[in-house]
Amino acid sequence: MKRMPMKKFMAVVGEAIDSLPDAIKRHLDNVVIDVEDAPTHDFLRGAGFTDEEIAAGETVYGYFMPLGVDTSDLDMLESPNRILIFKYPLEEDFPDPRELRIEIRKTVVHEIAHHFGWTDRDLERFDDNPDPFGDES
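Just so we're clear, the structure is a prediction, and the values are computed from it rather than from any experiment.

(A) Structural context of the environment of E36. Its location among the elements puts E36 in strand β1 (residues 31–36). For E36, a relative accessible area of 30% puts it in the partly exposed group. Sequence spacing of E36 and K87 is 51 residues, and the spatial spacing of their C-alpha atoms is 6.2 Å. Discounting residues that sit within four places of it in the chain, E36 has contacts with M6, R82, L84, I85, F86 and K87. At a separation of 3.1 Å, a polar atom in the side chain of E36 contacts the side chain of R82.

In structure tokens form, the structure reads like this:
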């Protein structure tokens, strides 16, 4: 499989962020969005995956990380957070360039939704839609 250069992948992530409405972007000043190649075994274990799940190839495309600040007195939008987007798992599962771009955008939106307090259960319908943005022609 031919991989997208990291610089290009990061540009696609940036485009996904830029495409968000201003009403959302204004709440992202305290969010760091990083791109990494792939989650490590230790990372996946820390995220709750079992060794069996990891051995079977289960992974994540992105991950929302509150940055360990006591948020009991803070609104979720005020607390600092980090979002990781993982390049290799997305490329492996979506070799078609168009599908890859859609899935990168879905992953970015999904992880940003956690910053707004949405749970994975809240996002199931969004995640199950192959093109929630109406980009398919």
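Read on, since the account is not over.
(B) Local environment of the packing of aromatic side chains. Under the defined criterion, the tally for this structure stands at three aromatic pairs. Summarising the aromatic geometry, the rings of F43 and Y63 are spaced 5.0 Å apart at their centres and angled 80 degrees between planes, so their arrangement reads as edge-to-face. Of the two residues, F43 sits in helix α3 (residues 41–46) while Y63 sits in strand β2 (residues 62–66), which places them 20 residues apart along the sequence. Classification of F43 by relative accessible area gives partly exposed; the value is 22%. For Y63, a relative accessible area of 26% gives the class partly exposed. Ring geometry for Y61 against F94: centres 5.7 Å apart, planes inclined by 65 degrees, an arrangement best described as edge-to-face. One end of the pair, Y61, is in the loop between α4 (51–55) and β2; the other, F94, is in the loop between α5 (87–93) and α6 (97–115), with 33 residues separating them in the sequence. For F94, a relative accessible area of 15% gives the class buried. Put simply, the rings of F43, Y63 and F86 pair up and form one aromatic cluster. Above the plane of the ring of Y88 lies R3, whose end atom (NZ or CZ) is 3.9 Å from the centre.

(C) Spotlight on the side chain of H115. Along the polypeptide, H115 turns up in helix α6. A polar side-chain atom of H115 sits 2.9 Å from the main-chain carbonyl oxygen of H27.

(D) How the structure looks around the pattern of salt bridges. In this structure the tally under the stated criterion is nine salt bridges. The shortest N-O distance in the salt bridge between D34 and R82 comes to 2.7 Å. Placement of D34 in strand β1 and of R82 in strand β3 (residues 81–86) is noted, with a sequence separation of 48 residues between them. By relative accessible area, D34 is classed as partly exposed at 25%.

(E) Molecular detail of the sheet that holds β3. Ordered in space as β1-β3-β2, the three strands form an open sheet in which the pairing is mixed. In this open sheet, the two strands that pair with only one neighbour each are β1 and β2. Averaged over all pairs of adjacent strands, the angle between strand axes in this sheet comes to 20 degrees, irrespective of strand direction. Packed onto the sheet, helix α1 (residues 6–18) meets β1 and β3 and runs at close to 150 degrees relative to β1.

(F) Here's a closer look at a negative patch on the surface. There is a patch of like negative charges on the surface, built from D120, D122, E124 and D128. Tracing the backbone through its elements, the reader meets E124 in helix α7 (residues 124–128). For E124, a relative accessible area of 41% translates into the label partly exposed.

Conventions adopted
Residues numbered from 1 in each chain as written. Predicted model: local features only at pLDDT ≥ 70, side-chain atom pairs only at ≥ 80, totals over all residues. Heavy atoms only, no water. Helix = DSSP H or I, 4+ residues; strand = E, 2+ residues; numbered from the N terminus. Buried < 20%, exposed > 50% of the residue type's maximum accessible area, 1.4 Å probe, protein only. Contact = heavy atoms within 4.5 Å. Polar contact = N/O pair within 3.5 Å; in protein donor to acceptor, adjacent residues only side chain to side chain. Phe/Tyr/Trp six-rings, centres within 6.5 Å; stacked < 30°, edge-to-face > 60°. Lys NZ or Arg CZ within 6 Å of the ring centre and 35° of its normal. Salt bridge = Lys/Arg side-chain N within 4 Å of Asp/Glu carboxyl O. Pairing = 2+ DSSP bridges. Axes fitted to C-alpha atoms, helices over the stretch in contact; angles between N-to-C directions. Patch = residues over 30% accessible without salt bridge, like charges linked within 9 Å, V, L, I, M, F, W, Y side chains within 5 Å. Areas by Shrake-Rupley, 256 points an atom, 1.4 Å probe, with all protein chains shown as cover. Lys, Arg positive; Asp, Glu negative; His and termini not counted. Charge placed at Lys NZ, Arg CZ, Asp CG, Glu CD.

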